[in-house]
Amino acid sequence: TYVVCDSGVPAPSLCSAALTVNLTVTDRIWFVDASAAAGGDGSLSAPFDCLAGAGCLDSSAHQAGDNIFLAQGSYTGPITLLDNQKLIGDGSSGTLAGHTGITPATFSLALPVFTGTDPVITSISNGVELASGNTVLGVMAGDTAGGYGFAGSGVGALTIAESSVTGNGGAINLASGTVSADFDTLSSTNSAGFGISLSSINGSLTATSGSINNPTNSAVRILNSSPAVSYPGNITKNSAGRLFDIDGIGNGSSLSFSGTLGHAAPTGGGIRVVNSTGASTVTFSGATKTLSTGASRAVDLSGTATVNFTNGGLDIDTTSADGFVAALGGTINVTGANNHVLSTTGRAININNSSIGASGITLRSVTATGTSSVPGISLNNTGTGIFTVTGDGSDGGNLDVNNNGSGGAISNRTGNANAIELIDAGPVVIQQMLIGATGALGNVDGNGILADAVTGLTVRNTDFLNIADQPSPDEAAILLINPDAGMDVALQNNLFNRSYDDHVRIENARAGVT
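In this text, all values refer to a predicted model and were calculated from it rather than measured experimentally.

Here we come to the overall build of the protein. For the protein, the count of helices and strands is 2 helices and 46 strands. Taken against the 2.2 N^0.38 rule, which gives 24 Å for 514 residues, the C-alpha radius of gyration of the protein at 32 Å runs more than 25% over that of a compact globule. The C-alpha extent of the protein, read off along each of the three principal axes, is 130 × 40 × 35 Å. When the 514 residues of the protein are sorted by exposure, 51% land in the buried category. Sequence-distant contacts, at least 24 apart, represent 69% of the contacts inside the protein between residues at least 6 apart. About 19600 Å² of surface is accessible on the protein, with carbon and sulfur atoms providing 51% of the total. Taking the average place of the 15 positive charges on the side chains of the protein and the average place of its 37 negative ones, the gap between the two points comes to 8 Å.

The following block contains the structure:
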């Protein structure tokens, strides 16, 4: 509000009535610079020097849709964004004018030039609290021990780029939106919750580097989402809870994890991919994948997804739980060298009504030697893909050298359980295994290998000891039932010792079996 007065010459001086000018300010940029003097108002010439508290950004009148520039430096958060705001840090590329779409008027102060150094936000809760439709560029979230680097429960159309999460706390916790997130580094250490959590999220999430270490809950949780995720970092956890909990991913999902995986805990489970729908793919391609999960399943798969374990190095160890389980749909491929599965009293392998893929399942060894009433290996309705236990790969007639048990051992099966049970399966190759054990007759109470309607069976350099303990029902070290025409059976350089009924028995063979 203002008045206009004349100079008073000639007298008297006269003034106008009070007048009011209203200025509508749009396309605003708020400025925050940790090196600025305290008491700023958020303008370019007097930036705020802090994010949270009196006299800081969060006490200002910033509104939905505004832009916020965060200069390099260290800040105590959280910074709480409003809908459609852009948070642009000094670590961004390009120009501030380009990211905001705001060109200052002539004679205005020049906008800051990016230094290329991310400002760092630390917090006892979340670093950046997201609303809907935010854009975040060139910002780093450091220690957030009580929360996550980036978190939001209704993120909408979210863009994150040229940003990082490091330090203690969770990495991201995002729900309900479509994201385009490309992190320089995405890491989590000792999170009180999850490492990475996505719920009802579509879009894409990538990182150039990072790691997830020892969260309280699952290291990676993805629920009811259809994203494309590519994460290269190592993921490890040594406490109860799953390493991966992937539940309900939808058509078009593509999840890729290429770092080392490690989980050692007596309960909680390792990798769980369940209730997937449509054509979705999950790939674990790190060269080392160690899952020691005690009384919980190391790998638990169901649904329609194709799940790939590539580049070898899969090492599963359970006690009473099944080791590798796939059921009720989907396709599985396990490739590469030095894949091992061990379960003490559970099924080491249990694949039921799920397909073995075109690349097959290749394992160096499978072991289940504790007293148990279930098979050590169970394949039922697994499609046309090949299942192979390789051992160390040596074969030939020198049984003392080549029958060395390098393919693992299955023994102490009770209650008429078979050591290996194959029903309506594709080709199976068993090499250099020990089936049964020395001692009393009937170490394996059922058959050593039961193969019913399989398309091919090769058994070589494998020892069968003390198989079966009764003549009825008919039992054998190797029992083939209903072999179809065109089925190839190869039994080479095997050792049979004290099979109760038959060493090898074939029932209902069709013409053309070779």
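Next, the rest of the story.
In this section: the packing of aromatic side chains. With the rule as written, the count across this model stands at 10 aromatic pairs. Ring centres of Phe244 and Phe284 lie 5.0 Å apart, and the angle between their planes is 75°; this geometry places the pair in the edge-to-face category. Of this pair, Phe244 sits in strand β19 (residues 244-247) while Phe284 sits in strand β23 (residues 281-284); the two residues are 40 residues apart in sequence, bridging distant segments of the chain. With 5.9 Å between their ring centres and 20° between their planes, Phe257 and Phe284 make a pair best called stacked. With a gap of 27 residues between them, Phe257 in strand β20 (residues 254-257) and Phe284 in strand β23 connect regions that are remote in the sequence.

On to the state of the cysteines, then. If you walk through the whole model with that rule in mind, you get 2 disulfides. A disulfide bridge connects Cys5 with Cys15, and the sulfur atoms are separated by 1.8 Å. Measuring the twist about the S-S bond at about 110°, one finds the Cys5-Cys15 disulfide to be right-handed. Residue Cys5 is found in the segment before β1 (29-32), and its partner Cys15 is found in the segment before β1; the two are separated by 10 residues along the sequence. Its relative accessible area of 48% is what places Cys15 among the partly exposed residues. Disulfide partner of Cys50: Cys56, at an S-S distance of 1.8 Å.

So, how was this worked out
- Residues numbered from 1 in each chain as written.
- Predicted model: local features only at pLDDT ≥ 70, side-chain atom pairs only at ≥ 80, totals over all residues.
- Heavy atoms only, no water.
- Helix = DSSP H or I, 4+ residues; strand = E, 2+ residues; numbered from the N terminus.
- Rg over C-alpha atoms; globule rule 2.2 N^0.38 Å.
- Buried < 20%, exposed > 50% of the residue type's maximum accessible area, 1.4 Å probe, protein only.
- Contact = heavy atoms within 4.5 Å.
- Areas by Shrake-Rupley, 256 points an atom, 1.4 Å probe, with all protein chains shown as cover.
- Lys, Arg positive; Asp, Glu negative; His and termini not counted.
- Charge placed at Lys NZ, Arg CZ, Asp CG, Glu CD.
- Phe/Tyr/Trp six-rings, centres within 6.5 Å; stacked < 30°, edge-to-face > 60°.
- Disulfide = S-S within 2.5 Å.

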